[in-house]
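Report on the structure
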Amino acid sequence: MLIATDENFHHDIIRGLRRRLESLDILRVQDVLKEAEDVDLLEWAARENRVILSHDVTTLKRYADERVEQGLPMAGLVLVPQPFTMRTIIEDLLLLIECSSPGEMEGQVRFLPL
């Protein structure tokens, strides 16, 4: 699974994922897009086939739902509400990443913890 995190995603979660799964292909959106709006992030992620990880449970979810309703591609969105228990979130993300087949998250919005 290819992953992108939005600009406000907790860096300690990214570090924890990378420690546990060295082969993980994860990008921070701010490293590839400059000042991208949510709709731009979703469009880019769809083109790159990257599932987005975000704490933005309101705005990004609304735009993701709109894309799906319009029949536009969306590789997937995983929302992590705050506050959270770091260990639980990392474990749940690892479970999703390791147990999902390619394309399985297409058009889906999931909330953590599972």
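Residues numbered from 1 in each chain as written. Predicted model: local features only at pLDDT ≥ 70, side-chain atom pairs only at ≥ 80, totals over all residues. Heavy atoms only, no water.

1. Section: the pattern of salt bridges
Per the stated rule, a full pass over the model turns up 7 salt bridges. Residue Arg20 is joined to Glu91 by a salt bridge in which the shortest nitrogen-to-oxygen separation is 2.5 Å. With Arg20 in helix α1 (residues 11-20) and Glu91 in helix α5 (residues 86-99), this pair connects stretches of sequence that are 71 residues apart. Put simply, Glu43 and Arg47 hold a salt bridge, and the shortest N to O gap is 3.6 Å. Remark: Arg47 and Glu43 occur in helix α3 (residues 38-48); sequence separation between them is 4 residues, near one turn of the helix. For Glu43, a relative accessible area of 32% translates into the label partly exposed. One salt-bridge network, in which partners are shared between bridges, spans Glu43, Arg47 and Arg67. (Salt bridge = Lys/Arg side-chain N within 4 Å of Asp/Glu carboxyl O. Helix = DSSP H or I, 4+ residues; strand = E, 2+ residues; numbered from the N terminus. Buried < 20%, exposed > 50% of the residue type's maximum accessible area, 1.4 Å probe, protein only.)

2. What to know about the packing of α1 against α5
Contact geometry for α1 and α5: axes closest at 10 Å, N-to-C directions at 50°. With respect to α5, the axis of α1 lies oblique. Along this stretch, α1 crosses α5, giving a crossing that reads as right-handed. Seen from α1, the contacting residues are Asp12, Ile13, Gly16, Leu17 and Arg20; seen from α5, they are Met86, Ile89, Ile90, Glu91, Leu93, Leu94 and Ile97. (Axes fitted to C-alpha atoms, helices over the stretch in contact; angles between N-to-C directions. Parallel < 35°, antiparallel > 145°, perpendicular 65-115°, else oblique. Left-handed = near helix turned anticlockwise from the far one by under 90°. Contact = heavy atoms within 4.5 Å.)

3. Describing the sheet that holds strand β2 (residues 25-28)
The strand order across the open sheet formed by 5 strands is β2-β1-β3-β4-β5, and the pairing between neighbours is parallel. The sheet terminates laterally at β2 and β5 (109-111), the two strands that pair on one side only. The sheet shows a mean angle of 25° between the axes of neighbouring strands, direction not considered. Direction of pairing for strand β1 (residues 2-5) relative to strand β3 (residues 50-54): parallel, over a ladder of 4 bridges. Residue pairing across strands places Thr5 opposite Leu53, the latter belonging to β3. (Pairing = 2+ DSSP bridges.)

4. Section: a negative patch on the surface
On the surface, Glu7, Glu35, Glu37 and Asp40 cluster together into a patch of negative charge. With respect to the helices and strands, the residue Glu37 is situated in the loop between α2 (29-32) and α3. (Patch = residues over 30% accessible without salt bridge, like charges linked within 9 Å, V, L, I, M, F, W, Y side chains within 5 Å. Areas by Shrake-Rupley, 256 points an atom, 1.4 Å probe, with all protein chains shown as cover. Lys, Arg positive; Asp, Glu negative; His and termini not counted. Charge placed at Lys NZ, Arg CZ, Asp CG, Glu CD.)

5. Points about the side chain of Asp6
Residue position: Asp6 is located in the loop between β1 and α1. For the buried Asp6, which has no salt bridge, the nearest side chain bearing the opposite charge is Arg28, at an N-O separation of 10 Å. Not counting the four nearest positions on each side in its chain, Asp6 is found in contact with Val29, Gln30, Leu41, Leu53, Ser54, His55, Asp56 and Leu60.

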